[in-house]
Amino acid sequence: MNLPNYFLADLPPEAALTPGMITEACQTLKKNRAQYLAHRNTASVINALSALAADWLKPENQFRRLALEAGPAELGFSRETLARGLDAFFGELTTEKLNALVVTELGHGSRLDAFCATDHEMRHGRAAWAAGPELLVHVTAGNLPSPALMSMVLGLLVRSAQFVKCASGTALLPRLFAHSLRETEPKLAACLELAIWRGGNLPLEERLFAEASCVTATGTDETLALIRQRLPAGRRFLGYGHRVSFAFVAASVLTGLHLGRVVGRAAADVTAWNQLGCLSPHVIYVEQGGEVDGERFAELLAAELAGRETTEPRGATSAESAAAIASRRGIYEIRAANSAATRQWASPDSTAWTVVYEADPRFQLSCLNRFVYVKPVANLGEALHAADAVREQVSTIGVAVPEHTMTDVATTLARWGATRVCPVGRMQEPSLAWHHDGRPALADLVTWTDLEL
């Protein structure tokens, strides 16, 4: 794939980055922000972003085509999985939803443009203005492309210059997004920089962090701790560490036409981004007492995953991941041979998908890449008790429950500690207004100036 050398990430692999290049890039970004971005109003930025997103949804869009052509080899996702992920991400970036995000999080649609007040603030003689960081640095993880893209979108909304440090082998979609922005909005793109290096390069990262106003990072808890230690005093840091997710299926929805729909939605959650994100289910808890039990649900899920392998194949995976799946399968083959409490279904002649049924309800970490556990429980309370060991790490709980019980179920889950509850089938498709790890998306980035009248 040949792209013009607009960003550091476009340089050939043999071109070594130096600390001086990082400093120069950051200072250029700050100048470009002052000239092209800082004084642009929210409406124009939202219009630019929503138009760009609409273009990415078109099959003929050249950057989407490049993503689908090069993505399978560079990122390991099949063309179909990539297309589904791009549709879910860019489908959220509409003018209406972007406007709603600003109003919801900042209280007023013009809060980033000037002093303004809500009705409540006016009655109390107050107004406020919110401003994004001058230079926002993103340290992205390597598992999924969508968090890096979302970070770039949020940074543009708050009018920050941005330096995106990509993990090796993961820069394809951020690069294509930046190039697509440059084609339609070159002045906005001049406020973006992307570079690729292996994490832990102290000379480069010290220069980068020294120039940053705010640093966001996704990765393991250990990676976040190391970054936090190395930031200069006073730098704002927003870290998003390792999280896990699971699903709960109520017995009362496992009937008639609902059954096939629920199984299909559960398979959609397992196949989305190949289960590699923090929002994907490791375990699906199935409440006993329905027309089918947990074991039968697991069997139906296995059949659904086998069917999806023909329409949305998993794609290639690393030798390390394949070995982990093979090893885990070996363990459960032995258990299944010696106990009716365990069963396993797996793709033949490949590691494409695996379903393990275990009567033991204790939460299990999956080795991912479409490897999922199904466990029977007496009720939601038992599922939460079984997952209590990971309570502090849980991000999303997908639920398939009767509609009239959804609020009560969500309340129970929120009190338990979940930060996101959604229907099964949408676990890897959070809304634009999603509070990542329970925190606001925009409000975490801005600094407020209050005006008391």
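In this report, we go over the structure that sits alongside the text. Just so it is clear, the structure is predicted and the values come from calculations on it, not from any experiment.

### Focus on the overall build of the protein
Right, so step 1: Looking only at helices and strands, the protein has 16 helices and 14 strands in total.
Right, so step 2: With the C-alpha coordinates aligned to their principal axes, the bounding extent of the protein is approximately 70 × 60 × 45 Å.
Right, so step 3: Here the protein, with 453 residues, has 51% of them falling under the buried criterion.
Right, so step 4: Of the accessible surface of the protein, which amounts to about 19,500 Å², a share of 52% is contributed by carbon and sulfur atoms.
Right, so step 5: Side-chain charges of the protein comprise 42 positive and 48 negative groups, with the mean position of each set lying 3 Å from the other.

### Some points on empty space enclosed by the protein
Right, so step 1: Enumeration according to the criterion identifies one cavity of 30 Å³ or more in this entry.
Right, so step 2: If you add up the space inside the largest cavity, you get close to 60 Å³.
Right, so step 3: If you go around the largest cavity, the residues you meet are Thr81, Arg84, Gly85, Ala88, Ala272, Trp273, Gln428 and Glu429.
Right, so step 4: Residues belonging to the lining of the largest cavity are distributed by class as follows: three nonpolar, three polar and two charged.

### Some remarks on helix α10 (residues 202–211)
Right, so step 1: Along α10, the residues classified as buried are Leu204, Glu205, Leu208, Phe209 and Glu211. For α10, the angular spread of the buried residues around the axis is 160°, confining them to a single face.
Right, so step 2: Of the surrounding secondary structure, the elements contacted by the buried residues of α10 are α1 (19–37), β2 (135–139), β3 (161–166), β5 (214–218) and α11 (221–230).

### Things to note about the sheet that holds strand β11 (residues 371–377)
Right, so step 1: Judged by pairing direction, the sheet is mixed, and its seven strands sit side by side in the order β9-β10-β11-β8-β7-β12-β13 without closing on themselves. Bordering the open sheet on either side are β9 (342–346) and β13 (420–423), each of which pairs with just one other strand. Direction aside, neighbouring strands of the sheet carry axes that sit 20° apart on average.
Right, so step 2: The pairing of strand β8 (residues 281–287) with β11 spans five bridges and is classified as parallel. Considered in β11, the bridge of valine 283 is made with tyrosine 373.
Right, so step 3: This element, helix α12 (residues 256–271), spans β7 (244–249), β8, β11 and β12 (394–400) of the sheet and lies at about 165° to β8.
Right, so step 4: Helix α13 (residues 294–311) rests against β7, β8, β9, β10 (354–358) and β11 of the sheet, and its axis sits at about 180° to β10.

### Focus on the sheet that holds β3
Right, so step 1: The parallel open sheet is built from five strands, whose spatial order is β4-β3-β2-β5-β6. Each edge of the open sheet is held by one strand with a lone partner, namely β4 (192–196) and β6 (236–240). In this sheet, neighbouring strand axes are inclined to one another by 15° on average, regardless of whether the strands run parallel or antiparallel.
Right, so step 2: Pairing analysis gives four bridges linking β2 to β5, with the strands arranged parallel. By the bridge assignment for β5, valine 139 is matched with alanine 217.
Right, so step 3: Where α1 meets the sheet, it contacts β2, β3 and β4, and its direction lies at approximately 145° from that of β3.
Right, so step 4: This element, α11, spans β2, β5 and β6 of the sheet and lies at about 175° to β6.

### Looking at the pattern of salt bridges
If the charged atoms of two oppositely charged side chains come close together, the side chains can form a pair.
Right, so step 1: All told, the structure shown has 22 salt bridges when counted by the stated rule.
Right, so step 2: With a closest N to O distance of 3.0 Å, glutamate 185 and arginine 40 form a salt bridge. On the criterion of sequence distance, the pair formed by glutamate 185 in the loop between α8 (172–184) and α9 (186–189) and arginine 40 in the loop between α1 and α2 (42–56) is long-range, its members being 145 residues apart.
Right, so step 3: With a relative accessible area of 19%, glutamate 185 lands in the buried category.

### Let's talk about the nonpolar core
Right, so step 1: Grouped together as the largest cluster of nonpolar side chains are 60 residues, with contacts concentrated most on Trp56 and Phe90.
Right, so step 2: No other element matches the seven residues that α2 contributes to this core.
Right, so step 3: Residue contacts for tryptophan 56: discarding those within four places in its chain leaves Asn61, Phe63, Arg64, Ala67, Leu86, Phe90, Leu176, Phe177 and Ser180.
Right, so step 4: Judged by nonpolar contacts, the second largest core, of 29 residues, contains Val270, Val292, Phe297 and Tyr357.

### So, the pairing of β4
Right, so step 1: Most of β4 is tucked away, with four of its five residues classed as buried.
Right, so step 2: Two strands pair when backbone bridges link them, and β3 and β4 are joined in this way by five bridges, in the parallel orientation. Bridge assignment links glutamine 162 to a residue of β4, and that residue is leucine 192.

Procedures and definitions
- Residues numbered from 1 in each chain as written.
- Predicted model: local features only at pLDDT ≥ 70, side-chain atom pairs only at ≥ 80, totals over all residues.
- Heavy atoms only, no water.
- Helix = DSSP H or I, 4+ residues; strand = E, 2+ residues; numbered from the N terminus.
- Buried < 20%, exposed > 50% of the residue type's maximum accessible area, 1.4 Å probe, protein only.
- Areas by Shrake-Rupley, 256 points an atom, 1.4 Å probe, with all protein chains shown as cover.
- Lys, Arg positive; Asp, Glu negative; His and termini not counted.
- Charge placed at Lys NZ, Arg CZ, Asp CG, Glu CD.
- 1 Å grid on protein atoms, 1.4 Å probe; cavity = no way out; pocket = protein on both sides within 12 Å on 5 of 7 lines; lining within 4 Å.
- Points joined across faces, edges and corners; volume = space filled by probe spheres on them.
- Nonpolar A, V, L, I, M, F, W, Y, C, P; charged D, E, K, R; others polar.
- Arc of directions from axis to C-beta.
- Contact = heavy atoms within 4.5 Å.
- Pairing = 2+ DSSP bridges.
- Axes fitted to C-alpha atoms, helices over the stretch in contact; angles between N-to-C directions.
- Salt bridge = Lys/Arg side-chain N within 4 Å of Asp/Glu carboxyl O.
- Core = buried A, V, L, I, M, F, W, Y, C linked by side-chain atoms within 4.5 Å.

Just geometry here; none of it tells us what the structure is for.
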